[in-house]
Amino acid sequence: MSDRDVLARHVAAAIERHRGVAAYLGLVAEAVPPHERGPWRRMAEAVAAGDVAAGVEAARRATACWIPLIATAPGDHRLEARILQAATRAPRGGGPWAALGLALATVTLTSVLTLLFTTVVLPVFEALFDDFGMRLPWLTRVTLAVGPAARRGWPLAAAAMVLGGVGWWFLVRQAPRRASAAADFTRALARLVAGGVAYDDALVLAARVADAPPVDPADPARPLTYAAVAALEAPPVAAAVLLDAVADCHDDRARGGSSIGEWFVGPLAVATIGLLVGLAVIALFLPLVQVVSSLS
Amino acid sequence: MRDTILGRALGAIRRAWRRAWATAATRVESAAVLRLVAASITAGVPVATMLDAWAEDGRGGQGTRLERAAGLLRRGATVSEAVARVPGLVQEDHAVALAFGERIGLVGPVVRATLAGDELLDPTARRELRAVGGYLAVVVVSLCVISGFLAIRTLPQFLKIIDDMGTSRPWILVSWLSFMEVLGGWLWVPACLAGMVAVGACSATGRSLVTRPFSRPRRVTAALDALAVAQAGGLPMDEAAVVLAECQGDPVLAAMLARVPGPEPRGGRLCAAGLVDATQGAALDAPAADASAVLHAAAAARRFQSNRRRLVLCRMLGPVMALAVGVFVLFQALAVFVPLVEIIHALS
């Protein structure tokens, strides 16, 4: 049986079991932020109409929303609470653009400052020092050498900086995303196992929640972890408890990972720009001291 | 995969990597151990199985420590014994929670209460503290580099020029030199701080000794939560306080807890021990008071106060730091430029 068949079977059963919850799903769809409304609205409409094909299509696009329905037995009074929990899950980081925005802002500001400095300020000082015909301090010589190099190779430097910024963002976003995927996968697995879904089906559905390829417990690979596999060796009730704990552990990791991008870029930007400006000022100031020294 | 040559080679590389980086568990790693132990005990699954599996998923030295702890558990050690014999597996206050939970037979509830109230697991709090620390470190290091360069390379030249010209040193330069002299007398402060950081970075015991006074308010809050769980579990307060005192690694907090057992009223005793304030003590002694709820409320109140203090500190430190650095830089810039202007005037 293919993954799509597994999903279709469980969605059909969920629609049949929970037709009465359609109105509540509609309310949830109205209550969530506009950009998250679509999946909940499609689910509400499919459940209200008893339309399995529409339900499968909706579940294919957003499986996570369907987990409470699939994993809850008919008449279980916790269904509404579980739907609400799934709909109002707190974000783990500062949004997908937070890290990229800060990284790009840092790179852009540093590049613009360096470019302005090397094209506008440095030539003036270079001419001044040439007129004096003096031997410049090493720091000044290094700084002045940056000017022509930057003027010749600034497109390359700009490209490298942008690539560096994007690379940084990739590292910052991807490291926690692995933990986030493991957390989402394991949490969905816990809910499904607790709801009495067979382990094989639960693995298929949980992989869809994490947007991951099919997983094999015989050869665990993210988002399926060894801890989750060990938990699945226990009976369903115990397995659900263990999987919930494992999901909490991954959640902690994901939240910790997200915050790195949000706290590190600011100090990094201050350090980079501060050191650049400070060293440049000192480099250009030292020859003035020499001039005064030789004049006196 | 695990039985192939490549799998074994990868396993050997991973173990070598873990040994090389075996320091101590981070807060998240430590919390993970607690969660897995509590869940395993609740689910009736051997703790060693879950720790071993988590070690496979883990990174760094924590993987090695988890494997050692799992080995000890398989040989019959209790969880708290395994934690005690594998240094760095969990952080000190987490070890206290595990030991206390095990002694009173309520590992799950104690661990849940401990982790629910753990401020250091809150990503917002961590982000704020790290951002403040990051800015502070960056500003201090940049300032030291640039000021040090000016003080070592530039100022001596100025002084030589001024002295050669036979003119008097400008007042701002004299003030700056005096200021730097005074500052030089306090160099032992950053040296001590750097030493403390080095000790903390190299040794888990050293780190716990250095950070203990700062983490005590958080430990008191955790102790109140633990006592509340024990009360809810039907354990008398006196007995719980004695057990908790025995589990503590912080002697000051252990002494506070040891003062709790005694004749009624229990609220008054907790207040005298410095664990709750007078109002909370009175609430505990009120007729038909739910001691567990009152203790949880006391812990929540302490946590709220500590969060507010942290927030104020984090919000204030940025502007204060900017002001201090601005004044410092202005002073230094004037000390460098005023003599330069005076020399040029004299020459012209």
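Residues numbered from 1 in each chain as written. Chains lettered and ligands numbered in written order. Predicted model: local features only at pLDDT ≥ 70, side-chain atom pairs only at ≥ 80, totals over all residues.

## What to know about the overall build of chain A
(1) Moving on: A count of helical and extended segments in chain A gives 11 helices and zero strands.
(2) Moving on: Scanning chain A from its N terminus toward the C terminus, one meets helices and strands in the order α-α-α-α-α-α-α-α-α-α-α.
(3) Moving on: Across the 296 residues in chain A, those meeting the buried criterion constitute 40%.
(4) Moving on: Considering only contacts within chain A whose residues lie at least 6 apart along the sequence, 71% involve residues at least 24 apart. (Helix = DSSP H or I, 4+ residues; strand = E, 2+ residues; numbered from the N terminus. Buried ≥ 20, exposed ≤ 12 C-beta atoms within 10 Å, placed from the backbone. Contact = placed C-beta atoms within 7 Å.)

## Quick look at the nonpolar core
(1) Moving on: Ranked by size, the top nonpolar core spans 132 residues in total, and within it A:Leu189, A:Leu192, A:Ala206, A:Leu242, A:Leu243 and B:Ala226 carry the most contacts.
(2) Moving on: The greatest single-element share of this core, amounting to 11 residues, is contributed by helix H2 (residues 27-43) of chain B.
(3) Moving on: Not counting chain neighbours up to four residues away, the residues in contact with B:Ala226 comprise B:Ala97, B:Phe100, B:Val110, B:Ala113 and B:Leu244. (Core = buried A, V, L, I, M, F, W, Y, C linked by C-beta atoms within 7 Å.)

## A closer look at the interface of chain B and chain A
(1) Moving on: Taken residue by residue, the interface counts 40 residues in chain B and 36 residues in chain A.
(2) Moving on: Listing elements by their share of the side of chain B that touches chain A, those giving two or more residues are H2, helix H3 (47-57), helix H8 (123-165) and helix H16 (291-347) of chain B.
(3) Moving on: The leading source of residues in the side of chain B that touches chain A is H8(B), at 17 residues.
(4) Moving on: Residue composition of the side of chain B that touches chain A, by class: 25 nonpolar, eight polar and seven charged. (Nonpolar A, V, L, I, M, F, W, Y, C, P; charged D, E, K, R; others polar.)

## Examining the domain arrangement of chain A
All names here are of chain A.
(1) Moving on: Domains assigned within chain A are domain 1 (1-89) and domain 2 (91-296).
(2) Moving on: Listed by partner, the interface residues are 11 residues for domain 1 and 14 residues for domain 2.
(3) Moving on: Secondary-structure elements contributing two or more residues to the side of domain 1 that touches domain 2 are helix H1 (3-17) and helix H5 (63-70).
(4) Moving on: Of the residues that constitute the side of domain 1 that touches domain 2, the class distribution is seven nonpolar, three polar and one charged. (Domains from an automatic or database assignment.)

## Some remarks on helix H15 (residues 278-285) of chain B
Residue and element names in this part refer to chain B.
(1) Moving on: Among all positions of H15, only Gln 280, Gly 281 and Leu 284 are buried. One face of H15 carries all of its buried residues, which in axial projection span an arc of 105°. Across from the buried face of H15, at angles greater than 90 degrees, the exposed residues are Ala 278 and Thr 279. (Arc of directions from axis to C-beta.)

## Topic: the environment of B:Ala39
(1) Moving on: When you line up the elements, B:Ala39 lands in helix H2.
(2) Moving on: Take B:Ala39: there are 26 C-beta atoms within 10 Å of it, and that puts it in the buried class.
(3) Moving on: Along the chain, B:Ala39 and B:Val111 lie 72 residues apart, while their C-alpha atoms are 9.6 Å from each other.
(4) Moving on: With residues up to four places along the chain from it excluded, the contact list for B:Ala39 reads A:Val241, A:Leu242 and A:Ala245.

## Some remarks on the packing of helix H6 (residues 92-104) of chain B against helix H7 (residues 107-116) of chain B
Residue and element names in this part refer to chain B.
(1) Moving on: Where H6 contacts H7, the two axes come as close as 8 Å, and the packing angle between them is 155°. On the basis of their axis angle, the class for H6 and H7 is roughly antiparallel. Once H6 is placed against H7, the crossing between them reads as right-handed. Contacts between H6 and H7 involve His 94, Ala 97, Leu 98, Phe 100, Gly 101 and Glu 102 from the former and Val 107, Val 110, Val 111 and Thr 114 from the latter.
(2) Moving on: Classifying every residue of the contact of H6 with H7 gives six nonpolar, three polar and one charged. (Axes fitted to C-alpha atoms, helices over the stretch in contact; angles between N-to-C directions. Parallel < 35°, antiparallel > 145°, perpendicular 65-115°, else oblique. Left-handed = near helix turned anticlockwise from the far one by under 90°.)

## Digging into unusual backbone geometry
Most peptide bonds are trans, and most residues other than glycine sit at a negative phi.
(1) Moving on: The omega torsion across A:Arg222 and A:Pro223 is 10°, close enough to zero to call that bond cis.
(2) Moving on: If you trace the backbone, A:Pro223 turns up in the loop between helix H9 (199-209) and helix H10 (226-232).
(3) Moving on: Phi angles above zero are rare outside glycine, and A:Asp211 is one such case at about 55°.
(4) Moving on: Mapping A:Asp211 onto the fold places it in the loop between H9 and H10.
(5) Moving on: Accessibility expressed as a C-beta count within 10 Å gives 12 for A:Asp211, which makes it exposed.
(6) Moving on: Even without a glycine there, the phi angle at B:Ala288 is positive, about 60°.
(7) Moving on: With respect to the helices, strands and loops of the structure, B:Ala288 is situated in the loop between H15 and H16.

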